[in-house]
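The primary structure of each chain is shown beneath.
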Amino acid sequence: MRHIISVLMENEPGALSRVVGLFSQRNFNIESLTVAPTEDSTLSRLTVTTIGSDRVIEQITKQLNKLIDVVKVVDLTEGDHIERELMMIKLKASGQMRAEIKRTADIFRGQIIDVTPTTYTVQLTGASDKLDAFIETLGTTHIMEVVRTGVSGLSRGEKVLSL
Amino acid sequence: MEQLSGAQMVIRALQDEGVKHIYGYPGGALLHIYDALFQQEEVQHVLVRHEQAATHMADAYARATGKAGVALVTSGPGATNAITGIATAYMDSIPMVVITGQVMSFLIGEDAFQETDMIGVSRPVVKHSFSVQNPEDIPSIIKKAFHIAESGRPGPVVVDIPKDMTNPTDRFNYEYPKSIKLRSYNPVSRGHSGQIKKAIDMVLGAKRPVIYAGGGVIMGDASAELTELAKLLNAPVTNTLMGLGGYPGTDRQFIGMLGMHGSYEANMAMHHADLILAVGARFDDRVTNGVDKFCPTAKIIHVDIDPASISKTIQADVPIVGPAKHVLQEMIELVKGSKKQPGKESIDSWWQQIEEWRGRHGGRFRTDDSELMKPQQVIEMLSKVTKGDAYVCSDVGQHQMFAAQYYKFNKPNRWINSGGLGTMGFGLPAAMGVKMNFPDEEVVCVTGEGSIQMNIQELSTISQYDIPVKVICLNNQSLGMVRQWQDMNYESRHSQSYMKSLPDFVKLAEAYGHVGMKVEKYEDLEAAMTEAFSLKDRMVFMDIAVDPFEHVYPMQVPRGSMRDMWLSKTERT
């Protein structure tokens, strides 16, 4: 099953490489990874999506917690949570496709953020499966380039991951 | 406030940490630190002949004392040579602080002379590492390094110091922190009382309990507590390879080591147990054999300081995260205060069964009519001559298993071996590290002609510092354990497992200024060994010719259950 694991860690050199190294060292899988400092610049928030059995996920959270730089770990998928991913997708846009892409982008609540006579670049945010659906709808023949941020997420309601 | 250079701060911090010996090898990146070292006397430096030996010496000091050992190695090859020793300590959870030199900070990343990304190279085999970015941070980084290495589940910590951080002309305020707090690191100090109570309820209701205790009991200083609890419960105790000495080896309730080369009775008892109390052990693959067939009727209570060890390979029914000492103390109080006591009848009949197993195959090897000495006989003789009271530092291979099986350890911290990583070349430097810190104790290196040659250069260090260890080399002229597997699984095709052109070890020892002895007949063994140990201030190398065809038994059948064992070349359970 797919899990979203959120990690609060010291914003120090080498901390990220310890997390990434742990995943390869222990043969855990990384589907996506995002990381950036929080409002407290001494802390970074890292979100990793991974796929594994309950046993593997338990090991991942335990092993992450063992890293000295890691302050807190939570598996967001254990409770109600919100997840978002941002994608920028560059498409060949000429003739009829120009209108088609615009319509589809509207339906998905995407925005066209760059326009040339032959291309459109669409920005889209949402859960990962929504981004997948957009790609599928337009079909790969028109896609020139795709860049995705990977998933970020947090728990719903009062629950927070903080010191 | 005192003004010190970075180099002086490194040495001063070690003094303030109470470090007496450090083991190392100088080099360009460390010259400032070695110069500061030269100008003081509190911290003694031991110059090894290869950096791997420095790490093993520091590691063995830690295994014998429970305190972090310290190694000092230069950048590049010095650092990479230390990796095997760091990995050895990591696998066995041994506290160690390794200070590595680094090229000057402005050269990092430019492929400078003797540059290696030590933080990166060591990352998978350290508990944590620090790279010094400001000389002012040196005292607090060293304090943190010791704190992290020694607390929680211990492990090695690397402190990488670029040369310009130790510049003798740049001086800074020095103050060694009295204590340190890390917001992201808070090892547990006690177990969950509810879980401990639940565990004891189960233990007292068990009909066929086994206590399975590992290295956590040794490093957690909990062998007295383990012994007391086992006595209260009249439960059989088995130790892992790392746990030997954690329970007295000559006690009736000790049923031997368990696992791949564990005793028949220990493996049988584990397989038939209805309850396993695991303390400071990690259910590794050399213990469990096939995990799907592991102890089918047992409920499992798992006490460990590291939550990640619990349910990693074998699901625990009652997990208890905490230091072995505190958890066992709490268990003892609960048993003492409980109305419920172990069912006498069921425990008696369990013991009857165990005694029957012990009687059937109780750890005996066969001596045949051949002239050849059995390696087991040598270990038994060693146990006799040293009265079971020596520090035994082992290398890796058949001799290691024979030592584990036949030397009866009654005290903790006296069996010193590379259990997890299985590092050949560990034994000799380990023995040196122990002997330097316990000069009045007998310290032995049990080795083979293969392992000893992996760090043989340390015979020179022994001359320099007069470290009178005794080397017991079980010379079977082959890489015995490899050969055994080839005999059992590859129709005796001995691919690269025998040693051609062995040196004359007696002459070699003599060349380094030591005493060499060669023993070829069992009838000469006792006299020779007694003589060797009577030479209190000399290093003695005993080259002992043993049967090259001997195998280590019992040996579990791969991927079978605990009870599936070869008991000799022809008998299987």
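Residues numbered from 1 in each chain as written. Chains lettered and ligands numbered in written order. Predicted model: local features only at pLDDT ≥ 70, side-chain atom pairs only at ≥ 80, totals over all residues.

- Chain A goes by Acetolactate synthase small subunit in an unreviewed UniProt entry, where it is assigned to Amphritea atlantica.
- A UniProt comment under Subunit (unreviewed entry) is attached to chain A, and it reads "Dimer of large and small chains."
- The record held by UniProt for chain A lists under Catalytic activity (unreviewed entry) the comment "2 pyruvate + H(+) = (2S)-2-acetolactate + CO2". (UniProt positions renumbered as here; feature names shortened; annotations may be inferred.)

As for the overall build of chain B
Here is step 1: A tally of helices and strands in chain B yields 20 helices and 22 strands.
Here is step 2: Seen through its C-alpha atoms, chain B measures out along the principal axes to roughly 75 × 60 × 40 Å.
Here is step 3: Here chain B, with 573 residues, has 55% of them falling under the buried criterion.
Here is step 4: Excluding contacts between residues fewer than 6 apart, the proportion of contacts in chain B whose partners are at least 24 apart in sequence is 76%. (Helix = DSSP H or I, 4+ residues; strand = E, 2+ residues; numbered from the N terminus. Buried ≥ 20, exposed ≤ 12 C-beta atoms within 10 Å, placed from the backbone. Contact = placed C-beta atoms within 7 Å.)

Focus on the overall build of chain A
Here is step 1: Regarding its fold elements, chain A presents four helices and nine strands.
Here is step 2: In sequence order, the secondary structure elements of chain A are arranged as β-α-β-β-α-β-β-α-β-β-α-β-β.
Here is step 3: Taking all 163 residues of chain A together, 26% fall into the buried category.
Here is step 4: Put simply, of all contacts in chain A between residues at least 6 apart along the chain, 73% involve residues at least 24 apart.

Observations regarding the UniProt feature "domain: ACT" (unreviewed entry) in chain A
Here is step 1: What UniProt calls "domain: ACT" (unreviewed entry) maps, in this numbering, to residues 4–78 of chain A.
Here is step 2: Counted over residues 4–78 of chain A, helix gives 32% and strand 37%. Its end C-alpha atoms are 9 Å apart.

Quick notes on the sheet that holds strand β3 (residues 44–47) of chain B
Whenever strands of a sheet pair, they do so through backbone hydrogen bonds, lying parallel or antiparallel.
All names here are of chain B.
Here is step 1: If you walk across this open sheet you meet the six strands as β3-β2-β4-β5-β7-β6, and the pairing is parallel. What marks the edges here is a single partner per strand, and that holds for β3 and β6 (128–131). Sheet twist, expressed as the average angle between the axes of neighbouring strands with direction ignored, equals 20°.
Here is step 2: Inspection of the sheet shows β6 paired to strand β7 (residues 156–162) by four bridges, in the parallel sense. (Pairing = 2+ DSSP bridges. Axes fitted to C-alpha atoms, helices over the stretch in contact; angles between N-to-C directions.)

Description of the domain arrangement of chain B
All names here are of chain B.
Here is step 1: Examined at the domain level, chain B breaks down into domain 1 (3–173), domain 2 (193–361) and domain 3 (375–552).
Here is step 2: The C-alpha centroid of domain 2 is placed 38 Å from the C-alpha centroid of domain 1.
Here is step 3: When grouped by side-chain class, the residues that make up the side of domain 1 that touches domain 2 number one nonpolar, three polar and two charged. (Domains from an automatic or database assignment. Nonpolar A, V, L, I, M, F, W, Y, C, P; charged D, E, K, R; others polar.)

A look at the interface of chain A and chain B
Here is step 1: At the interface, 16 residues of chain A touch 13 residues of chain B.
Here is step 2: Where the side of chain A that touches chain B is concerned, the elements lending two or more residues are α1 (15–25), α2 (54–66) and β4 (70–75) of chain A.
Here is step 3: Take the side of chain A that touches chain B: its biggest share by element is five residues, from α2 of chain A.
Here is step 4: Residues belonging to the side of chain A that touches chain B are distributed by class as follows: four nonpolar, six polar and six charged.

What about the packing of helix α3 (residues 51–65) of chain B against helix α16 (residues 427–437) of chain B?
Residues and elements named next belong to chain B.
Here is step 1: One can describe the packing of α3 onto α16 by two numbers: an axis separation of 7 Å at closest approach and a directional angle of 55°. Considering their axes alone, α3 and α16 lie oblique with respect to each other. For the element pair α3 and α16, the recorded crossing hand is right-handed. Where α3 approaches α16, its residues Ala 53, His 56, Met 57, Ala 58, Asp 59, Ala 60, Tyr 61, Ala 64 and Thr 65 are matched on the opposing element by Pro 429, Ala 430, Met 432, Gly 433, Val 434 and Asn 437.
Here is step 2: In terms of residue class, the contact of α3 with α16 is built from ten nonpolar, four polar and one charged. (Parallel < 35°, antiparallel > 145°, perpendicular 65-115°, else oblique. Left-handed = near helix turned anticlockwise from the far one by under 90°.)

Some details on the packing of helix α10 (residues 264–272) of chain B against helix α13 (residues 344–361) of chain B
Residues and elements named next belong to chain B.
Here is step 1: Where α10 contacts α13, the axes come no closer than 8 Å and their chain directions differ by 145°. The handedness of the crossing between α10 and α13 comes out as right-handed. Judged by residue contacts, Tyr 264, Glu 265, Met 268 and Ala 269 of α10 engage Ile 354, Trp 357, Arg 358, Arg 360 and His 361 from α13.
Here is step 2: Among the residues forming the contact of α10 with α13, the class breakdown is five nonpolar, one polar and three charged.

Comments concerning the environment of Thr 118 of chain A
Residues and elements named next belong to chain A.
Here is step 1: Counting through the fold element by element, Thr 118 comes out in the loop between β6 (111–115) and β7 (119–126).
Here is step 2: On the neighbour-count criterion, Thr 118 (12 C-beta atoms within 10 Å) is exposed.
Here is step 3: C-alpha separation for the pair Thr 118 and Lys 92, spaced 26 residues apart in sequence, amounts to 6.0 Å.
Here is step 4: Here Thr 118 is in contact with Lys 92, Ala 93 and Ser 94, once residues within four sequence places are set aside.

Comments concerning the pairing of β6 of chain A
All names here are of chain A.
Here is step 1: Within β6, only zero of the five residues are buried, which leaves the element largely exposed.
Here is step 2: Two elements, β6 and β7, share four bridges in a ladder whose sense is antiparallel. Opposite Asp 114, over in β7, you have Thr 121 as the bridge partner.
Here is step 3: In sequence, β6 turns back onto β7 through a hairpin of three residues.

Remarks on helix α12 (residues 324–337) of chain B
Every α-helical turn comprises 3.6 residues, leaving residues that sit three or four positions apart pointing alike.
All names here are of chain B.
Here is step 1: Taking 1.5 Å per residue, 14 residues should reach 20 Å; α12 reaches 20 Å between its end C-alpha atoms and fits that length.
Here is step 2: For α12, the full list of buried residues reads Ala 324, Lys 325, Val 327, Leu 328, Glu 330 and Met 331.
Here is step 3: Looking at the buried side of α12, the elements it contacts are α7 (193–205), α8 (215–219), α9 (223–233), β12 (275–279), β13 (299–304) and β14 (318–321). (Expected span 1.5 Å × (residues − 1).)

Some words on the domain arrangement of chain A
Residue and element names in this part refer to chain A.
Here is step 1: The domain architecture assigned to chain A consists of domain 1 (2–78) and domain 2 (82–152).
Here is step 2: For domain 1 and domain 2, the distance between their C-alpha centres works out to 29 Å.
Here is step 3: On the side of domain 2, five residues touch domain 1, which itself brings six residues to the contact.
Here is step 4: Of all the secondary-structure elements, those providing two or more residues to the side of domain 1 that touches domain 2 are β2 (32–37) and β3 (43–51).
Here is step 5: When residues of the side of domain 1 that touches domain 2 are assigned to their parent elements, the largest contribution, three residues, is made by β2.
Here is step 6: In the side of domain 1 that touches domain 2, the residues fall into two nonpolar, four polar and no charged.

Focus on the pairing of strand β15 (residues 391–394) of chain B
All names here are of chain B.
Here is step 1: Judged by which residues are buried, β15 turns out to be covered on both faces: Tyr 391 and Cys 393 on one side and Val 392 and Ser 394 on the other are all buried.
Here is step 2: In terms of strand pairing, β15 meets strand β17 (residues 443–448) through four bridges, oriented parallel. Bridge assignment links Cys 393 to a residue of β17, and that residue is Cys 445.
Here is step 3: Judged from the two bridges that link them, β15 and strand β16 (residues 415–416) form a sheet pairing that is parallel. In the sheet register, Cys 393 faces β16, and the bridge partner there is Ile 416.
Here is step 4: This β-α-β element, β15 to helix α15 (residues 398–406) to β16, shows right-handed connectivity. (Right-handed = clockwise from strand over helix to strand, strands pointing away.)

Notes on the sheet that holds strand β18 (residues 470–475) of chain B
Residues and elements named next belong to chain B.
Here is step 1: With parallel pairing, six strands are arranged side by side in an open sheet as β16-β15-β17-β18-β20-β19. Two strands bound the open sheet, and with one partner strand each, they are β16 and β19 (515–519).
Here is step 2: Note: β17 against β18, five bridges, orientation parallel. Bridge assignment links Gly 448 to a residue of β18, and that residue is Leu 474.
Here is step 3: Along the sheet face, α15 touches β15, β17 and β18 and points at about 135° away from the line of β17.

Some remarks on the environment of Ile 51 of chain A
Residues and elements named next belong to chain A.
Here is step 1: You can see Ile 51 is positioned in strand β3.
Here is step 2: With 13 C-beta atoms packed within 10 Å, Ile 51 lands in the partly exposed category.
Here is step 3: Those residues in contact with Ile 51, other than ones at most four positions away along the chain, are Met 1, Arg 2, Asn 29 and Glu 31.

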